[in-house]
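# Summary of the model geometry
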Amino acid sequence: MEYIILFGVLAVLLAIGVPVAFSLLAATLATVIYLALPPIVVFQQMGSDITSVALLAIPLFIFTGELMMKGGLSDRMIALAGSMVGHIRGGLGQVTVVGSTLFGGVSGSAIADVSAIGGTMIPQMQKRGYDSDYAVNVTISAALVALLVPPSHNMILYSASAGGGVSISDLFAAGILPAGLLAVSLMIVSYVMARRRGYAAEPFPGFGQVLTRLVAAIPGLLLVGIIFGGIRAGIFTAVESASIAVVYATVVTGIVYRHMSWTAFKAACTGAARTSGAVLFIIGCAGAFGWLMAYMQVPSMMVSLLQTLTDNPILILLLINVILLVLGTFMDMAPLIIICTPIFLPVAKAYGVDPVQFGVILLLNCGIGLITPPVGSVLFVGSAIAKVPMTHSLRSIWPFYLACTAVLMLVTFVPALSLWLPSLLK
């Protein structure tokens, strides 16, 4: 009965539109009361989860992304990407993918990526005669690259959810090759669709202009090297690197670029506080839910269940991917990572999957969920920027889904894609 209450209450509340965090909290409380456990333990678990030192890096990286977004870095990234790939067929689509990849290495957030890059590129594409569905689809798909490159705060969340036994520096390194593969795949899809629809290319500005724009963007791009290189070399921890990133972003946007006004700085502080508060509240609620599942031995039951279905590792991994993709369609990324990591990581490890590789698999699954209705938050933001309903974009998004799914399958069944670079850098 306790399992029916836990998952039944959660399913009903999600179905009627209750926010994910409150649904998780209500389901946890209802089950705890049924089990005659003291309800105060739920709030104790919430507090213990959000007071973890490792999670302090998340609001700091969010703040860094807000500073860079408000400080004009996205404009420089778009200008650099435009000079590099704008001359390819469907040039603005190519610029969007490359610009999102570059900016993702600063923001670490798909929502920030689609807001910053999409806020500029989607109106530009619509103005130049690109169809709105193409503009939205290429932008929201490209935003997923930000989930895989440093400083992805979702990787930090996964490391914490895995009990801290997964190295954050290894996760940062593991996501780089899959991120590059995803970006190239999306560029190919964008090119093919642009040819079919007859979109034009932008004129090539010359190598001198490329060099000029590269120099202008270098101060922002160095942030990725400082974060990743510092953690990888053992100079500082993830939290220390996040603190340094905030200081560096403030100096770059305020002194080097001279683009950060007092109004923009206050907006960055407000946006970071609002996002951090929402993320940490979700983490707390999902952490309490995850604790209760561990108390009820749900992870071990899931391992046994999957083993009764099949002992074929390929089928097990396919089943995990299907379950994660389905869950990602109606759950936000943070609670999904916290809930699913303790359930599926033991299963993956039992079949020889490295925890670092599984982290990349989990993030890719969750990312695809972000662009899938009904809850897909990145899809919602992209559609809102384009001022079109979500259903308008979904009619032609399937090639981008195929590209993302193909990369997911490669990461799942070719471990070297995510494990080669961390082992090399050791």
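Bear in mind the structure is a predicted one, so any value in this text is a computation, not a measurement.

Scanning the protein for helices and strands turns up 22 helices and zero strands. Whereas a compact globule of 426 residues would reach a radius of gyration of roughly 22 Å, the protein reaches 21 Å, a difference of no more than 12%. If one aligns the C-alpha atoms of the protein with their principal axes, the spans along those axes are about 70 × 45 × 45 Å. Buried residues in the protein amount to 54% of all 426 residues. In the protein, once contacts between residues fewer than 6 apart in sequence are set aside, the share between residues at least 24 apart is 79%. For the protein, the distance from the average site of its 17 positive side-chain charges to the average site of its 13 negative ones is 14 Å.

A word on the nonpolar core. L24, L182 and F358 are the most contacted members of the largest nonpolar core, which totals 146 residues. Setting aside its immediate chain neighbours within four residues, F358 contacts Y158, I320, F344, L345, A348 and V353.

Given a rise of 1.5 Å per residue, 15 residues ought to cover 21 Å, and the 21 Å separating the end C-alpha atoms of helix 2 (residues 20–34) matches this to within 8%. Just past helix 2, the residue A36 takes up positive phi, approximately 65°.

Here we take up helix 16 (residues 313–328). In this model, helix 16 (16 residues) spans 22 Å end to end at C-alpha, consistent with the 22 Å of a helix rising 1.5 Å per residue. All buried positions along helix 16 are accounted for by I316, L317, I320, N321, L324 and G328. Relative to the axis of helix 16, the buried residues are bounded by an arc of 135° and lie together on one face. You can read the cap of helix 16 off the contacts: a side-chain oxygen lies 2.9 Å from the backbone nitrogen of I314, and it is on N312.

The next thing to look at is the confidence of the model for the protein. Confidence in the prediction for the protein averages 82 pLDDT; 97% of positions are at 70 or higher. Per-element mean pLDDT across the protein ranges from 73 in helix 15 (residues 298–309) up to 92 in helix 21 (residues 398–413).

Thresholds, definitions, all that
- Residues numbered from 1 in each chain as written.
- Predicted model: local features only at pLDDT ≥ 70, side-chain atom pairs only at ≥ 80, totals over all residues.
- Heavy atoms only, no water.
- Helix = DSSP H or I, 4+ residues; strand = E, 2+ residues; numbered from the N terminus.
- Rg over C-alpha atoms; globule rule 2.2 N^0.38 Å.
- Buried < 20%, exposed > 50% of the residue type's maximum accessible area, 1.4 Å probe, protein only.
- Contact = heavy atoms within 4.5 Å.
- Lys, Arg positive; Asp, Glu negative; His and termini not counted.
- Charge placed at Lys NZ, Arg CZ, Asp CG, Glu CD.
- Core = buried A, V, L, I, M, F, W, Y, C linked by side-chain atoms within 4.5 Å.
- Expected span 1.5 Å × (residues − 1).
- Arc of directions from axis to C-beta.
- Polar contact = N/O pair within 3.5 Å; in protein donor to acceptor, adjacent residues only side chain to side chain.
- pLDDT = per-residue confidence, 0-100.

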